[in-house]
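Letter by letter, the chains look like this.
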Amino acid sequence: MATPVTKQHILNCQFSNWYSLFRTLTPKAKVIKPIPTSILKYLDEDGIYLKNVSNTIEDVTDRENEEGREEEEEDTQVSSYYPDKSTIQLIERVISDLDGAVVPKLNWSSPKDAVWIMPTGSMKCTSAEDVLLILKSSDFVTHDLDYAFDDCIEEDNQEADSTSQRFPSDFSHELILKEWFPIHPSTEFRCFVKGKNLIAVCQRDDNYYDFLEHEMKEILPVLRDLTSKLSEFPDPNFVFDTYVQQNRAWLIDINPFFARTDGLLFSWEELYAMDYEKNSPEIRLIPKGAMPSSGGANFYTNRVPFDLVAASQGENLLEFAEKMQSLTSESTK
Ligand code: ATP
Ligand code: MG
């Protein structure tokens, strides 16, 4: 049976909320809260807008004509909705403080459905332009912006609220920039906690790794140890993601204990039915002989439509963005 989720539980799982409790357990990150309004406005617009790419490169090489350059930059912006210069500088500063590469996310979601638009094919961002482009291209990020509290119940009247957004009055969106570091997906796990007890563990990656079969004996105590360090989390039920590296489990994220969080190798029916007093968590790994991931099939429903891919042939990103804008305006005539 699905247990209803409260707005408070969703709020507790916001990055800034759990990060303030567990800073020492998780890789370095910066929270920009509230998110600058120019970013919200940019994310809210239809289409993809880029600044003139060659102009940005000139900025670096030609520092002598600073004033003329600034005027030219204003003139050549593709969209008036591109975030302002101070916001860009703020993001650039944080990227530089975090050693030059970050993974962005909003309160709950990273743009992992939008890696197709990045030249690296990953969420690694080394510039403010990278950060803005990948956030803008992600449906998961849109979810955080518009639908985060859908299907929540009110603590007082216990009624599901799927019709109105109703963000809590003191709520604000946040931009998270996490320091990028190389992660090997074989030791990323999703851990399900019920009544503060670790009840289930599964791989996050969908490939088979033979070494995991024997190494789970050593990995499990590390996961239990991290679970006990999370006892301060305000809810008894939650789902955490972790990356295990050299006998240390890094906390990557905390997600709601609720069917909107992907149960991966478990169904939510199973998870809701599991006994929270069980002594040992159920562990599921991808079995030998399972179809290996093609490395590219994830989130295929969130990708760009085929006609836009066709329209992009041989174009650079700026030309593609301009073509997309003209296609969009033609289709709405
Ligand atoms: P989900 O929807 O599954 O809960 P999410 O949107 O909350 O995902 P994260 O769990 O924060 O996103 O990150 C998704 C993936 O991005 C991780 O599985 C990991 O592979 C990668 N990742 C996260 N943080 C970093 C980082 N700091 N450096 C490098 N890669 C990272
Ligand atoms: Mg998450």
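Notes on the structure follow. Bear in mind the structure is a predicted one, so any value in this text is a computation, not a measurement.

Let's shift gears to the coordination of the magnesium ion (ligand 2). The textbook angles at a metal center are 109.5 degrees for a tetrahedron of four donors and 90 or 180 degrees for an octahedron of six. All of the protein donors around the magnesium ion (ligand 2) are Asp253 (OD) and Asn255 (OD1); their distances to the metal are 1.9 to 2.1 Å. We classify Asn255 as buried; its relative accessible area is 9%.

Sheet architecture is open: 5 strands sit in the order S10-S9-S7-S8-S11, paired in mixed fashion. The open sheet has two edge strands, strand S10 (248–255) and strand S11 (282–284), and neither has a second partner. Put simply, the sheet's adjacent strands are angled 25° from each other on average, direction ignored. Note that strand S7 (residues 188–194) and strand S9 (residues 238–245) share 6 bridges and pair antiparallel.

Across the sheet, which stays open at both edges, the 3 strands sit in the order S2-S6-S3 with antiparallel pairing between neighbours. One side of each edge strand has no neighbouring strand; the edge strands of this open sheet are strand S2 (29–32) and strand S3 (102–105). Sheet twist, expressed as the average angle between the axes of neighbouring strands with direction ignored, equals 20°. By the bridge criterion, 4 bridges tie S3 to strand S6 (residues 175–179) in an arrangement that is antiparallel. Its bridge partner lying in S6, Pro104 is registered against Leu177. Packed on one face of the sheet, helix H6 (residues 85–97) meets S2, S3 and S6 and runs near 160° to S2.

For the coordinates displayed, the defined rule picks out 17 aromatic pairs. With 5.1 Å between their ring centres and 45° between their planes, Trp268 and Tyr272 make a pair best called tilted. Taken together, the residues span about one helical turn, with Trp268 and Tyr272 both in helix H10 (residues 268–273) at a distance of 4 residues. Of the aromatic side chains, those joined through ring pairs into one cluster are Phe192, Phe257, Phe266, Trp268 and Tyr272. One residue, Lys136, lies across the ring of Tyr42, its end atom 5.2 Å from the ring centre. We note Arg248 situated over the ring of Trp250; from NZ or CZ to the ring centre the distance is 3.7 Å.

Here we take up the nonpolar core. Counting 49 residues, the largest nonpolar core has Phe189, Phe192, Leu223, Phe240 and Ile254 as its most contacted members. Every element with two or more residues in this core is listed here: helix H1 (7–12), helix H2 (15–22), S7, strand S8 (197–203), helix H9 (210–229), S9, S10 and H10. Per-element tally for this core: the top contributor is H9, with 7 residues. Setting aside residues no more than four positions away along its own chain, Phe240 makes contact with Phe189, Arg190, Cys191, Val193, Leu198, Leu223, Leu226, Thr227, Leu230, Leu251, Asp253 and Ile254. One finds Tyr82, Ile95, Ala128 and Ile134 within the second-largest nonpolar core, a separate group that totals 29 residues.

Checked against the element boundaries, Thr227 lands in helix H9. Using a relative accessible area of 8% as the deciding quantity, one classes Thr227 as buried. Setting aside residues no more than four positions away along its own chain, Thr227 makes contact with Val193, Lys196, Leu198 and Phe240.

What follows concerns the pattern of salt bridges. Applying the stated criterion across every chain yields a total of 10 salt bridges. Close ionic contact of Glu188 with Arg204 constitutes a salt bridge, the shortest N to O distance being 3.9 Å. Pair noted here: Glu188 is in strand S7 and Arg204 is in the loop between S8 and H9, with a separation of 16 residues, a long-range link. Using a relative accessible area of 27% as the deciding quantity, one classes Arg204 as partly exposed. Residue Arg190 is joined to Asp241 by a salt bridge in which the shortest nitrogen-to-oxygen separation is 2.7 Å. Linking Arg190 in strand S7 with Asp241 in strand S9, this pair joins segments that are 51 residues apart in sequence. Both residues of the pair, Arg190 and Asp241, count as buried. Overlapping salt bridges bring together Glu188, Arg190, Arg204 and Asp241 as one network.

It is worth spelling out the site of ligand 1 at this point. Near ligand 1 lie 19 residues; those nearest to it are Ser110, Lys112, Glu179, Glu188 and Asp253. Here an oxygen atom of ligand 1 sits 3.4 Å away from a polar atom, N or O, in the main chain of Trp108. Take Asn255: an N or O atom from its side chain is 3.0 Å from an oxygen atom of ligand 1. Starting from 630 Å² of accessible surface for ligand 1 in isolation, the protein chains cover 85%. Elements supplying a minimum of two residues to the shell around ligand 1: S3, S6, S7 and S10. Top element by residues in the shell around ligand 1 is S10. It accounts for 3 residues. Considered class by class, the residues forming the shell around ligand 1 number 7 nonpolar, 3 polar and 9 charged.

What counts and what doesn't
- Residues numbered from 1 in each chain as written.
- Chains lettered and ligands numbered in written order.
- Predicted model: local features only at pLDDT ≥ 70, side-chain atom pairs only at ≥ 80, totals over all residues.
- Heavy atoms only, no water.
- Donors = N, O, S within 2.8 Å, 3.2 Å for Na, K, Ca; no water.
- Buried < 20%, exposed > 50% of the residue type's maximum accessible area, 1.4 Å probe, protein only.
- Pairing = 2+ DSSP bridges.
- Helix = DSSP H or I, 4+ residues; strand = E, 2+ residues; numbered from the N terminus.
- Axes fitted to C-alpha atoms, helices over the stretch in contact; angles between N-to-C directions.
- Contact = heavy atoms within 4.5 Å.
- Phe/Tyr/Trp six-rings, centres within 6.5 Å; stacked < 30°, edge-to-face > 60°.
- Lys NZ or Arg CZ within 6 Å of the ring centre and 35° of its normal.
- Core = buried A, V, L, I, M, F, W, Y, C linked by side-chain atoms within 4.5 Å.
- Salt bridge = Lys/Arg side-chain N within 4 Å of Asp/Glu carboxyl O.
- Near = heavy atom within 4 Å.
- Polar contact = N/O pair within 3.5 Å; in protein donor to acceptor, adjacent residues only side chain to side chain.
- Areas by Shrake-Rupley, 256 points an atom, 1.4 Å probe, with all protein chains shown as cover.
- Nonpolar A, V, L, I, M, F, W, Y, C, P; charged D, E, K, R; others polar.

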